[in-house]
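# Descriptive analysis of the structure
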Amino acid sequence: MKMSAEKYFIALEEVRFVTPITKGVELLVDSEKVRFEFVKDDVLKIKISQAQSFDAKPTFAVMHDEFGPVETKIEETAKTVKVSSSKLSVKIGKSPFKFDVFRADGSKVIASVPGAAYKFINDQWIVERKTTVDDVFLGLGEKTGGSDLKGRFLTMWNTDILSPNSDGIARDTNSENPKENPRSDMYDPYYISINLLYNVSKVDGMASASYFDNGYCMHFDMQHESKYKVMAEGGQLTEYVFAGPTIKEVLKNFTDLTGVMQAPPLWSLGHHQCRWHNYSQKQWLDLAAIYRKKKIPCDTLWLDIDYMDEYRVFTWNKKQFPDRKKAFSDLKEDGFRAITIVDPGVKYDPGYPVFDEGFEKNLFCKTDGGQTYIGQVWPGRTAFPDFVKESAREWWGRLNAEHVESGLAGIWNDMNEPATGAISPSSMRWDRDGGNHPHERYHNQYGMLMAMGTVQGLKSARPEYRTFVLSRAGFAGIQRYAANWTGDNCSDWSHLAMSVPMNCRLNICGQPFVGSDTGGFCDDTNEELLVRWYQYSAFQPFMRNHQCIGNIDQYPWSFGKKSEKLIKSAIELRYQFMPYIYSVFMKSTQDSTPIQTPLSYYWQDDPEALVNSREYMFGDALLVAPIVEPGAKERTLYLPKGSWYDFYTNKLLKGGKYITVDVEIDKIPLFVKAGSVIPLAEVVQSTMFYQPKELELRAYLPTKKGKTVSVLHEDDGITDRWKAGDMLQTTITLEKTGKQYKLSGVIDGNGFPENKRKSFVVSFVGADVADKKVKDGLTNFEIIFDN
Ligand code: GLC
């Protein structure tokens, strides 16, 4: 965006002093300090000062990086310094300054380009590193295009992609250049910035990664054959280097720093109905009634900006919604929860209490000249809460808490990049500890800080309940507070296809709770696209139908009976899978396992799986191959090594190759990994009625000797009492020894008062064995049979 001409950058060249520190070394290189410090055996932190001082807390992403002592060895010669832990070493060249990072087995993690290990001009800096044609780049969060980022130049600057007004970023919906056209599936930058770049070698399948903890605009240039460059427009270099060598280990370490998703309410995993539309209270309730009449499962109804009084946040248009409390309680009786949008822009309107309070208490962002910063959003002129300030986050939290008192279940945060419309954000200033910081420093973190304040408020209002916040913007760590949807996509097949690698990328960057607008947001959708998008969304972590104002209807029934039936059965399939989906989510809250997972996560040493962008794992048992083109009659897909069952035919298939399957309009190709036991429930219209008396455990028999483990997690779905043991966790082990199979369930936890489940029915795929009933499914059980 605004990097200076590279030829003027100054390289750090001479190491002048080497000082041992607790877990590494600190160098004086020319006139800057460079610190190499082990955070863990397999995580190295690199910091480079500006004017010899370090920024102790560059962003809000890293919660802490103190994980206890790390045994460190320092070896110094006249020309080099080597610092090692048991898993990583950094070898530093003293003149010219450079550093290479290796694993203990000698394999490369980072190799600096000589003369360009670090160069800077003013506050901007560039690092250049060697790469080869065998390296694949993954990660970087919400990016367009396929999984492998090789060949791309990507910018990290949270952007309202459809706004024609830009911050120096070319953006034109008519442009021939796909990078400049937000309607293309190569547009960049997007709404969320997560500076976690993975590097995986196709040769040995080993993964490493770097997280750059810097909120300023950054660029990742991977267009060159033999090197890649990381550039920052400001802020310091604070880099966490992860040794891997598995993607799983990288992600675990990354979320140890930045946090995991909090347990979501069960209802947030259901089907959501949203639309930018000027609903009256009656129309909105009628919509709920149609859902129930047609028996199409749906958990929530959402309200977009038109419920407000002239877009003033935390107000209601009382003409349209004369009795919202009654509306919410009527909805609740029918099993619906309600969510409204809350944008950060507060209408500049003296006399409007929210504006007045923010102004009087000095809670809005200022300009350089000390005035209240004014931008432009839906209400016209708007002030922006300075979420960098704790007092502003607290205030916002309180406003949200009051807002949901009328009976709302969750909050939808939008325009929080922040989008300032036709008014440039460049004069916006942030107040951190009384300091006056430039807009660029916190821009990318604004959405996360807004969600942080919102969650704090909701938690203080209802401490016993889990929160649900959906955010458009985000930064590393956003998963601690909110789910993300991928913003204003288009009703276009290419955007449906793009959603797969985009969601997967977010998942391996710590944010598992993601989804694209089902049916597409911009432009009119069409029948087939809506059906296919719904079928895909049944297996997106977040499943919400949403569309732009003025477009043709895209309700499940909008295109007639045939597609209504198809969409209904896609939604029903999701509800049937609910015990599995919930268990997958709950696992992720504990160990950061992704939910919509690129094949590379499980098969990184398989070059086909490594770059795959068209299929994914939903949890660790289900492979999903969505249909992303019109008129599909067949689908070619990659099945990774192992044995798989076709979900519909139960046919056993061998993996490690591409297969082609016939595709009918009523199916999304789904494959179950042999050895998995999938818990399934009866379909309900809303998770509010989800109190199954019995669950099916569908065991997909392994073809090889050995044990596989699946976990079913059950609890009340709305509180955190599960943390104190009020839950049921069934660890299901399926073991094959010769012809014999043993399926055993070990139950953990104290149970929970709302539980109605008593039994299981175990069914078997891959064997001609009758279903078996486990009458007492609350104590350990065992089933042994031959096949
Ligand atoms: C933005 C959001 C979209 C919303 C609209 C009106 O474009 O991305 O989801 O419907 O604003 O609030």
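Each chain has its residues counted from 1, following the order in which its sequence is written. This being a predicted model, a pLDDT of at least 70 is required before a residue's local features are given, and a value of 80 or more before pairs of side-chain atoms are given or counted; all residues contribute to the totals for chains, interfaces and linings. The basis for every side-chain value is the complete set of heavy atoms in the structure, and neither hydrogens nor water enter the calculation.

### Quick word on the overall build of the protein chain
Going by this rule: Counting from the N terminus, the helices are DSSP H or I runs at least four residues long and the strands are E runs at least two residues long. For the radius of gyration, the atoms used are the C-alpha atoms, and the globule rule reads 2.2 Å times the number of residues raised to 0.38. Contacts are assigned to residue pairs with any non-hydrogen atoms lying within 4.5 Å of each other. Computed by Shrake-Rupley with a 1.4 Å probe, the accessible areas treat only the displayed protein chains as cover when residues are assessed. Only four residue types enter the charge count, namely Lys and Arg as positive and Asp and Glu as negative; His and the chain termini do not. To locate a charge, take NZ of a lysine, CZ of an arginine, CG of an aspartate or CD of a glutamate.
When you go through the protein chain residue by residue, the secondary structure sums to 13 helices and 50 strands. Whereas a compact globule of 787 residues would reach a radius of gyration of roughly 28 Å, the protein chain reaches 26 Å, a difference of no more than 12%. The long-range fraction of contacts in the protein chain, counting pairs at least 24 apart against all pairs at least 6 apart in sequence, stands at 69%. Working note: accessible area of the protein chain is about 28,300 Å², and carbon and sulfur atoms make up 49% of it. Computing the positive centroid from 96 side-chain charges and the negative centroid from 103, the protein chain places the two 3 Å apart.

### Observations concerning the site of the ligand
To be explicit about the condition: Near is defined per residue: the residue qualifies when any heavy atom it owns lies within 4 Å of the molecule or strand. What qualifies as a polar contact is a pair of N or O atoms within 3.5 Å, subject to a donor-acceptor requirement within protein and to the restriction that residues adjacent in sequence count only when both atoms come from side chains.
Neighbouring the ligand are the residues W276, D304, I305, I341, W378, W412, D414, R472, W485, D488, F521 and H546. Side-chain polar atom of D304 to an oxygen atom of the ligand: 2.5 Å apart, as the coordinates give it. One of the side-chain N or O atoms of D414 is found 3.0 Å from an oxygen atom in the ligand. If the ligand stood free it would expose 310 Å²; the protein chains cover 97% of that surface.

### Observations regarding the pairing of strand β3 (residues 24–29)
Quick reminder of the rule: Burial status follows relative accessibility: with a 1.4 Å probe on protein chains alone, a residue under 20% of its type maximum counts as buried, one over 50% as exposed, and anything between as partly exposed. Strands were regarded as paired on the criterion that DSSP finds at least two bridges between them.
Among the 6 residues in β3, 6 count as buried, and that is most of the element. Bridge count between strand β2 (residues 15–21) and β3: 6 bridges; the pairing is antiparallel. The residue bridging T19 from the neighbouring strand is E26, located in β3. With antiparallel pairing between neighbouring strands as the criterion, β2 and β3 make up a hairpin whose turn holds 2 residues. Note that β3 and strand β4 (residues 32–40) share 6 bridges and pair antiparallel. The residue of β4 that forms the bridge with E26 is R35.

### Quick look at the state of the cysteines
Here a disulfide denotes one covalent bond, and it connects the sulfur atoms of two cysteines. Note the cut-off: When two cysteine sulfur atoms are found within 2.5 Å, that pair is recorded as a disulfide.
Following the criterion strictly, the structure yields 0 disulfides and no others. The structure places no disulfide on C548, whose sulfur is separated from the nearest cysteine sulfur, that of C522, by 5.7 Å. In this structure C548 comes out as buried when scored by relative accessible area, which is 17%.

### Side note on the environment of N165
Checked against the element boundaries, N165 lands in the loop between β14 (153–156) and β15 (192–193). What makes N165 partly exposed here is its relative accessible area of 33%. Note: C-alpha distance between N165 and S427 (262 residues apart in sequence) is 15 Å. In this structure N165 touches R171, G421 and A422, once residues within four positions along its chain are discounted.

### Regarding the packing of helix α2 (residues 281–294) against helix α3 (residues 324–333)
Here is the rule we go by: A fitted line through C-alpha atoms serves as each axis, taken over the contacting stretch for helices, and the angle formed by two N-to-C directions is quoted from 0 to 180°. We call two directions roughly parallel when the angle between them is under 35 degrees, roughly antiparallel when it is over 145, roughly perpendicular when it lies between 65 and 115, and oblique otherwise.
Interhelical geometry of α2 versus α3 gives an angle of 0 degrees and a closest axis separation of 11 Å. Relative to α3, the element α2 lies roughly parallel. For the pair formed by α2 and α3, the contact residues are Q281, W284, L285 and A288 on the first element and R324, A327, F328, D330 and L331 on the second.

### Some details on the sheet that holds strand β17 (residues 207–212)
Judged by pairing direction, the sheet is antiparallel, and its 8 strands sit side by side in the order β2-β3-β4-β5-β20-β17-β16-β13 without closing on themselves. Of all strands in the sheet, those bounded by a partner on one side alone are β2 and β13 (135–139). In this sheet, adjacent strand axes meet at a mean angle of 20 degrees when their direction is disregarded.

By themselves, these observations are geometric and do not establish any function.
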